[in-house]
Structure formats: structure tokens, C-alpha cells
Number of protein chains: 2
Amino acid sequence: MENTLFDFISKYISLTEEEKDAILSLDLFRFLKKGTTLLEAGQKSKNSYFVLKGCIRIYYIIDGEEKTTAFYTEMDALTPHCVINKAPSEYFISCVEDSILLISNSDMEAEINSKFPKFELMCRILSEELLAKERVDFDAFKTSSPEQRYMNLLQKRPDLIQRVPQHQLASFLGIKPQSLSRLRARLLEKKS
Amino acid sequence: MENTLFDFISKYISLTEEEKDAILSLDLFRFLKKGTTLLEAGQKSKNSYFVLKGCIRIYYIIDGEEKTTAFYTEMDALTPHCVINKAPSEYFISCVEDSILLISNSDMEAEINSKFPKFELMCRILSEELLAKERVDFDAFKTSSPEQRYMNLLQKRPDLIQRVPQHQLASFLGIKPQSLSRLRARLLEKKS
DNA sequence: CTAACTCGTTCACTTAAGTTAAAAAATACA
DNA sequence: TGTATTTTTTAACTTAAGTGAACGAGTTAG
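Note that the structure is predicted; figures quoted are calculated from it, not measured. (Residues numbered from 1 in each chain as written. Chains lettered and ligands numbered in written order. Predicted model: local features only at pLDDT ≥ 70, side-chain atom pairs only at ≥ 80, totals over all residues. Heavy atoms only, no water.)

## What to know about the protein's contact with DNA strand D
Around DNA strand D sit 14 residues, and of these A:Ser179, A:Arg186, B:Gln166, B:His167 and B:Ser181 come closest. Counting only atoms of DNA strand D within 4 Å of the protein, the fraction found in sugar and phosphate groups is 70%. One nitrogen or oxygen atom from the side chain of A:Arg186 is found 3.0 Å from a phosphate oxygen belonging to DNA strand D. A distance of 2.6 Å is found between a phosphate oxygen of DNA strand D and a side-chain nitrogen or oxygen belonging to B:Gln166. Looking at the surface near DNA strand D, the elements with two or more residues in it are helix H9 (177-191) of chain A together with helix H8 (166-172) and helix H9 (177-191) of chain B. The element that contributes the greatest number of residues to the surface near DNA strand D is H9(A), accounting for four residues. Looking at the surface near DNA strand D, its residues break down into three nonpolar, seven polar and four charged. (Near = heavy atom within 4 Å. Polar contact = N/O pair within 3.5 Å; in protein donor to acceptor, adjacent residues only side chain to side chain. Helix = DSSP H or I, 4+ residues; strand = E, 2+ residues; numbered from the N terminus. Nonpolar A, V, L, I, M, F, W, Y, C, P; charged D, E, K, R; others polar.)

## Let's talk about the interface of chain A and chain B
If you look at the interface, chain A gives 36 residues, while chain B gives 36 residues. Carbon and sulfur atoms supply 66% of the area buried between chain A and chain B, which totals about 3,300 Å² over both sides. Summed over the shared surface of chain A and chain B, the result is four salt bridges. Ionic pairing is found between B:Arg135 and A:Glu134, a salt bridge with its closest N-O pair at 2.7 Å. On inspection of chain A and its partner chain B, the count reaches 15 residue pairs in polar contact (both at pLDDT 80 or more). Taken together, the elements giving at least two residues each to the side of chain A that touches chain B come down to strand E4 (55-62), strand E5 (65-73), helix H3 (81-85), helix H5 (117-142) and helix H8 (166-172) of chain A. In terms of residues, the side of chain A that touches chain B owes the most to one element, H5(A), which gives 19 residues. Per-class residue counts for the side of chain A that touches chain B are 16 nonpolar, eight polar and twelve charged. (Contact = heavy atoms within 4.5 Å. Buried area = accessible area lost by both parts, 1.4 Å probe. Salt bridge = Lys/Arg side-chain N within 4 Å of Asp/Glu carboxyl O.)

## Focus: the domain arrangement of chain A
Residue and element names in this part refer to chain A. Domain parsing of chain A yields domain 1 (2-126) and domain 2 (144-192). Contact residues are listed per partner, giving 14 residues for domain 1 and ten residues for domain 2. For the pairing of domain 1 and domain 2, the buried interface totals around 940 Å² over both sides, and the portion due to carbon and sulfur atoms is 46%. Considering only the side of domain 1, the residues that lose the most area to domain 2 are Thr-68, Phe-71 and Glu-97, jointly responsible for 49% of the buried surface there. The interface formed by domain 1 and domain 2 holds two salt bridges in total. We note a salt bridge from Arg-163 to Glu-74, for which the minimum N-O separation is 3.2 Å. If you look at where domain 1 meets domain 2, you find six residue pairs in polar contact (both at pLDDT 80 or more). Contributing elements (two or more residues each) for the side of domain 1 that touches domain 2: E4 and E5. (Domains from an automatic or database assignment.)

## A few points about the packing of aromatic side chains
Per the counting criterion, the structure on display carries 14 aromatic pairs over all chains. Pairing B:Phe8 with B:Phe50 gives two aromatic rings, centres 4.7 Å apart and planes at 50°, and the pair type is tilted. Placement of B:Phe8 in helix H1 (residues 2-10) and of B:Phe50 in strand E3 (residues 47-53) is noted, with a sequence separation of 42 residues between them. Put simply, the rings of A:Phe138, A:Phe141, B:Phe138 and B:Phe141 pair up and form one aromatic cluster. Directly above the ring of A:Phe6 sits A:Lys20, whose terminal nitrogen or CZ lies 5.3 Å from the centroid. (Phe/Tyr/Trp six-rings, centres within 6.5 Å; stacked < 30°, edge-to-face > 60°. Lys NZ or Arg CZ within 6 Å of the ring centre and 35° of its normal.)

## Concerning the relation of the copies chain A and chain B
Of the transformation superimposing chain A on chain B, the axial component is 0.0 Å and the angular component is 180°, with the fit at an RMSD of 0.0 Å. Within this description, the copies of the chain are treated as partners about a two-fold rotation axis. Proximity to the rotation axis, assessed at the C-alpha, singles out A:Arg124 in chain A; its C-alpha lies 2.1 Å from the axis. Here 100% of the contact residues of chain A are again contact residues in chain B; the copies associate through an equivalent surface. (Least-squares fit on C-alpha atoms with pLDDT ≥ 70 in both.)

Okay, structure coming up:
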């Protein structure tokens, strides 16, 4: 668990043993049950999440319907929009599975970043990377059909298709559950 | 022009006159003609862009078709994916209009960031903001129909609809030019 | 144990986007 | 200015996603 975290950090900066201990002493690890809500729409929060184990999702409630738009699994980091713009959240976050998360808050992060330039550097690089990647993902979504998106997902994140309920996958792909079901049937047909 | 830049920076950090002069002495401003290509797919580059005036776009060529996925206008910043992952670019960048850009390269940025922690701080905050916003934009795209996306654009970036050719807007909205034209006709019909 | 729910699938029908083609309008440029 | 080129619109037809409803399997709760 600590190893997962430090392996991740080591991709960006190197930490001394003291620094590692300092991080661990903050006691940020949290064990959460499937279905636990971490953030509600309308709510303000300062918490950021890093997934050590399990899966969390972002979803909206639009016309009474849940619309899941993003999944975060092992080694994924998420700072909600409401933390950045200090406004009520536009979306919910909850656990898709029993999960182990590192939960930090923005005040604490600001303090650490100003004390340890190394950490600030890591955060900059990480968010620049995530931003560039999000851009490319968004582009791929725009330029492809639901069927292509599904096949792309099958390639890039096959695990998701196993661990996530299909109606959540459907809205993640920008379609209705019935359409995903039909689409899958269509693909099976094609293969044979 | 300098003012546009410093107004932008002042939202994040405050600069002394010396620091401002130092930035200006780097001579990063570039004047570009409409249609100029800044980056080609397959090419490697270290350049980041900040739009002071005008408009640039990201586009792909898929099956011989141009697919425009993003527009950057006044006060927008863009670091291409290829700069981040040091791999050949998956997309093109070109000027939609005559534009004034600030063009920096990643080596230079790394140097400045390590010399001036203030700058590193700005870059971190900026990319965290952009990442959170990109997430919300992507979500809005996923959860809405082409018609809703168009109406949303009409509200949020009415200028774009004026300054950008419709076939580029269409792929930005994830549809074909014919569909956008039809969609617009449908909306006009509804209004009356 | 059964009633209530949730989830995935199927079906018939509606709606809108994709496709192909052609014409009309706007723009560039020689 | 007139011609070429690009952009936008229109139309007819195809394809696939949305909608509303129903069904069975699996799960949960009383």
C-alpha cells in the first residue's frame, strides 16, 4: 500500500526515508466500502483523492438520472473541480468497489508544496501530464462513434468492463444502457 | 500585448518590474498568419503556446478527413501532448486567424521554473485549473446531445461561432458539417 | 419465503445523425 | 472582374441511437 504510493511518486521525484516517514505520519490512507459517497453535488470540499486500490467514479444526476462520466482506478489521482474553484460541486464521487484511498485536503497540500519545492514540482508535472492526456482522450471521444469508443475501451482499459456495472459504462461511453447492450450484441454478431 | 500577458499572470502571482523585463527580454512573441501550421502530426516539438490575440486549433487527419477538436483563443494556454510525453505528435495545430502568440519551449520553461519557484507555482495552479475544467467540459460533452452541445456553445463561447468555419465547429461538436447545418435549421424552425 | 428492486436484454417504434450527391452561397485570387 | 475553390445548405436514403415497455435473472429487504 505504501509501496504503491512511493512507486508512483518515484516516477516524478525521489524521496528520502525521512520524507517518506513524514508522508506516512500524516495518516492519509482511508478504507472505504463499495457505494460510499465521497462528495455530493452542491457540497463544498477541499479533498483530493489518490486511488491505491479499488475504483471510484464521478457521476451527475441529470433529470433524475445518474450519468457516470469518469472512473479512477489504481494509481489515478483526482482533484475535484469544486476544490479548485471553491464553489459547490457539480458532481458526485463514490466508490464503485471497496477501495483504499489516500485523501488529502488542499490546505495541507498548499503547506507541503510551499515547504517542499520537490513536491510542488511533482504536482506541476503530474497535472500537466494529466491535462495533456485528458485532451487526447476527449479528442478520441469526439472523433469516434459509440461502437469505436467501446472497442477502444476494450483495448485500453479491459479491466473496467469487468469491474463496472454496464449501465455506468454506458453513460461513460456517452450512450444509454439499452444502446450498449444492443451494440455488444451487434459486435458479437459481426465476429461470428 | 505585454499587458494582456501580465494581466493574465497577475491572476496567479505578482511580478516585479525586473521580472517583467526579464520575461520580455526573452522575446517570445510571434506574429502568425491565418492558416500557418504550428505543429504537424508525427512531428516532435518542445513548444508551448499562449494566445495573446487570435485563434488556433487542434486537428487530426483521420481517413483523410480533418477533425478539429479544440480551439484556443485570447488568454488560452496549450502545451501539446507530444511535448509532455516526448513522442511524435498525434495532432496538428494551426492558426484559424492571424494571431499573436507567445511561444516557449520546454527546456526554457524547466530552467525558469527551477530558478523562480513563483513561476513553478503558477504553472502548477494553472494546469490544475485547466485539468479540472477540461474534466467538466468533457463531462458536459458526454452527457448532452449534439443539439444541446451547440446551444451550450452558443451560450459559453458565442464568439467562436462567428470566427470559426462551420465545418470545423461541426467536428468540434462531434458531428458532420451536414448535421450541424441541419441542426441549425431545426433550431431556427423551433424558435418561430 | 416472498415482494420489491436492480440490472441487463430484447423489441417495436421514433428521431436524429451518417452518407452520398448536388446545388447554392461565399470567399479567395489571378 | 470573373473564375476557381471552399464552405454551407438541401435532399433522399441508410444506419444507429433514443424511448417506452416488458421480461427474466439476480439481489436485497421485510
